[in-house]
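Fold and contact review
Read off the chains here:
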Amino acid sequence: MDFSNQIAVVTGAAQGIGAAVVQRLLNDGAQVVLLDKTINPEDYVNVPQTHVFKVDVTNRMQVQEVIDAIEKEIGEVTMLVNVAGVLSLNRILDATEEEWECAFSVNVKGVFNVCQAIAQYMSTRRKGSIVTVASNASDTPRIGMGVYAASKAASTHLTHCLGLELAALGIRCNVVSPGSTDTPMQHQLWLTPEHKNAVLQGSLKQHRLGIPLGRIADADDVANAVCFLLSDQARHITMHDLRVDGGATV
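Being a predicted model, the structure only gives us computed values, none of them experimental. (Residues numbered from 1 in each chain as written. Predicted model: local features only at pLDDT ≥ 70, side-chain atom pairs only at ≥ 80, totals over all residues. Heavy atoms only, no water.)

Side note on the nonpolar core
Ranked by size, the top nonpolar core spans 32 residues in total, and within it V10, L25 and V226 carry the most contacts. Counting only elements with at least two residues in this core, the list comes to β1 (7–11), α1 (16–27), β2 (31–36), β4 (79–82), β5 (128–133) and α7 (219–230). Residue contributions to this core peak at 8 residues, all from α7. By size, the runner-up hydrophobic cluster in this structure holds 25 residues, among which are L80, V111, I118 and A119. (Core = buried A, V, L, I, M, F, W, Y, C linked by side-chain atoms within 4.5 Å. Buried < 20%, exposed > 50% of the residue type's maximum accessible area, 1.4 Å probe, protein only. Helix = DSSP H or I, 4+ residues; strand = E, 2+ residues; numbered from the N terminus.)

See the structure below:
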């Protein structure tokens with residue numbers, strides 16, 4: 001895909017899926033603006049075509065100031081990828097109010113803040129593409145992941161509603177929903193080698209199917225799907241939820 005002369009903003013860009021999306025966009029010629037709460041800008045000083053901002057996506061004022069600066073100093077943003085997210089692992093009856101607020105603040109409010117700030121600019125130009133990375137748990141019940149799943153369902157529906165509102169302006173909004181992916185977030189679930197094998201095999205007790213393709217996704221698998229939906233190859237696709245989970249939610 002050719003993303004030359006385009007500017008992409010990626011949240012949660014420091015590691016995992018976000019970092020893979022950044023690398024894929026760079027390989028395809030885009031200028032990439034990396035937003036992350038924990039990122040170290042010095043790590044990217046010698047990386048061409050990158051611009052780095054340390055940003056907390058839950059801070060509305062901070063997000064708006066950064067997006068305004070990007071548009072003024074770097075150029076017109078044509079693509080946005082929402083990857084920033086947090087994982088919550090607790091049964092609903094054991095979940096705390098703090099867990100709920102954190103999950104929805106990052107996974108939903110963060111998407112809202114960045115989408116709104118960037119889509120305001122895209123709307124005036126009547127072009128742009130937005131992809132939100134959600135989860136296949138967004139519409140598949142998971143034991144011990146209720147808060148996380150609910151937040152990802154909210155971000156999915158938010159993105160689809162935005163896509164409907166912006167469709168007449170030619171702006172596309174899609175979702176990529178990964179399953180188990182070999183990232184630092186996923187490693188929080190793998191306390192032993194048996195846990196990883198259980199993901200592949202599934203568990204009747206946990207009401208999990210397993211992964212029919214028999215492999216854990218890597219971050220590049222998800223990044224490839226994201227970049228397809230960003231590209232002109234998907235120019236007639238909007239409000240879609242693309243599963244990248246090896247068939248786990250069949």
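Thoughts on the UniProt feature "domain: Ketoreductase" (unreviewed entry) in the protein
Feature annotation in UniProt places "domain: Ketoreductase" (unreviewed entry) on residues 6–181, given in this structure's numbering. For residues 6–181, the end-to-end C-alpha separation is 28 Å, with 43% helix and 19% strand making up the annotated structure. (UniProt positions renumbered as here; feature names shortened; annotations may be inferred.)

A closer look at the packing of helix α3 (residues 97–125) against helix α4 (residues 146–166)
Relative to each other, α3 and α4 sit at 15°, their axes nearing to 9 Å. Classified by the angle between their axes, α3 and α4 sit roughly parallel to one another. Here the hand of the crossing between α3 and α4 comes out right-handed. Judged by residue contacts, E99, W100, A103, F104, N107, V108, V111, F112, C115, A119 and S123 of α3 engage V147, Y148, A150, S151, K152, A154, S155, L158, T159, L162 and L166 from α4. By residue class, the composition of the contact of α3 with α4 is 15 nonpolar, 5 polar and 2 charged. (Axes fitted to C-alpha atoms, helices over the stretch in contact; angles between N-to-C directions. Parallel < 35°, antiparallel > 145°, perpendicular 65-115°, else oblique. Left-handed = near helix turned anticlockwise from the far one by under 90°. Contact = heavy atoms within 4.5 Å. Nonpolar A, V, L, I, M, F, W, Y, C, P; charged D, E, K, R; others polar.)

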